[in-house]
Amino acid sequence: MTNANRWEKMPDHIYHQRSELSSTLLRRFMQSPLQYLHSLQFTERTDALDFGGAVHLAILQPDDFGNGVIAAPKCDRRTKEGKATWAAFTDGLSPDTIVLDQDEWTQCNAMANMVRTSEHFLGFVERSTHVEVAGFATVKGLNCRIKPDLMGNDFLLDYKSTTSCSIPAFERSVYKYGYAIQGAFYQMIAQEIDGMLRPFYLLAQEKKAPYDFRIFELDPLLLAQARKEIMETIERMNVCVAFNNFPGYSKEVVRIGLPRWFDGIVPLFGDVSEGEE
């Protein structure tokens, strides 16, 4: 292992400020080079990301949860008393602290309790060698970074919240959100660091009570295809960097036709929602 290819313990707020290629930035580039460039220049902290970070801490690093996450007091910030209460609460609060409202606090702890009391999850914890450790390696001249939630000598695991853990629904999420790209990227970087090719698992948990969850393993054939597409994408990225040219979507007219799965039997427009304007 070289100094460049390494595992390193690192807080989230520092990790996410780094410039190396992450799986998120990689997936942005696969949308379009322009999307990737925009993500490099503009980072946005959202309530959804904060809540996800809080759940991650509660499940994976419960000893650090109390230091990084806090429940906001119930107060009406439109009133004089509410403003005073809020000012006293936020005085001296670290900008990296995640603040949840009371409902989010209750939900976060309920979700964590569902996972942390499961023998299936605890089996991964017992086999883990690292929890949320950052990994750095160079692939085809590009400096890359990963931060798997849990890692052992025989697995990589990442936590995802989702609307449904049904097999068809989450399978769609795997394709929609590029989880196979993430999994293959994590495999590649981990292998560059320590030479071990590990299976990749996703722990998917529903965001509504009873907050049930499932553990999925991504098929090696799926990950091999993702790895092939990652390498092709990195080649394109190197070209964009070399010429400092990051194009957006083609502006040619695109025709939308019948979907490939349409069989002509089941009505295609039987359940039409209002959609987007």
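Our subject is the structure that appears above.
Described below are features of the structure shown in this document. Since the structure is predicted, the reported quantities are computational estimates derived from the model, not experimental observations.

Tallied over the entire structure, the rule returns 9 salt bridges. The shortest N-O distance in the salt bridge between Arg 18 and Glu 20 comes to 2.7 Å. The salt bridge involving Lys 228 is made with Glu 232; its shortest N-O contact spans 2.9 Å. On the criterion of helical spacing, the pair formed by Lys 228 and Glu 232 is a turn pair, its members being 4 residues apart in helix α11 (residues 220–243).

So, about the sheet that holds strand β9 (residues 200–206). Within a sheet, each strand pairs with its neighbour through backbone hydrogen bonds, oriented either parallel or antiparallel. Strand order in the open sheet formed by 5 strands is β4-β7-β8-β9-β10, with mixed pairing between adjacent strands. In this open sheet, the two strands that pair with only one neighbour each are β4 (128–131) and β10 (213–217). Along the sheet, successive strands turn relative to each other by an average axial angle of 25°, direction set aside. Summarising the sheet, strand β7 (residues 150–152) and strand β8 (residues 155–162) pair through 3 bridges and their orientation is antiparallel. Its bridge partner being in β8, Gly 152 is matched across the sheet by Phe 155.

The next thing to look at is the packing of aromatic side chains. Tallied over the entire structure, the rule returns 10 aromatic pairs. A centroid spacing of 4.6 Å and a plane angle of 20° characterise the contact between Phe 170 and Phe 216, whose relative ring orientation is stacked. Of this pair, Phe 170 sits in helix α9 (residues 167–176) while Phe 216 sits in strand β10; the two residues are 46 residues apart in sequence, bridging distant segments of the chain. Through pairs of rings, three or more aromatic residues link up here, namely Phe 170, Tyr 177, Tyr 179 and Phe 216. Between Arg 77 and the ring centre of Trp 86, over which it is positioned, the NZ or CZ distance is 4.0 Å.

Calculation notes
- Residues numbered from 1 in each chain as written.
- Predicted model: local features only at pLDDT ≥ 70, side-chain atom pairs only at ≥ 80, totals over all residues.
- Heavy atoms only, no water.
- Salt bridge = Lys/Arg side-chain N within 4 Å of Asp/Glu carboxyl O.
- Helix = DSSP H or I, 4+ residues; strand = E, 2+ residues; numbered from the N terminus.
- Pairing = 2+ DSSP bridges.
- Axes fitted to C-alpha atoms, helices over the stretch in contact; angles between N-to-C directions.
- Phe/Tyr/Trp six-rings, centres within 6.5 Å; stacked < 30°, edge-to-face > 60°.
- Lys NZ or Arg CZ within 6 Å of the ring centre and 35° of its normal.

Take it as geometry only, folks, not as evidence of what the structure does.
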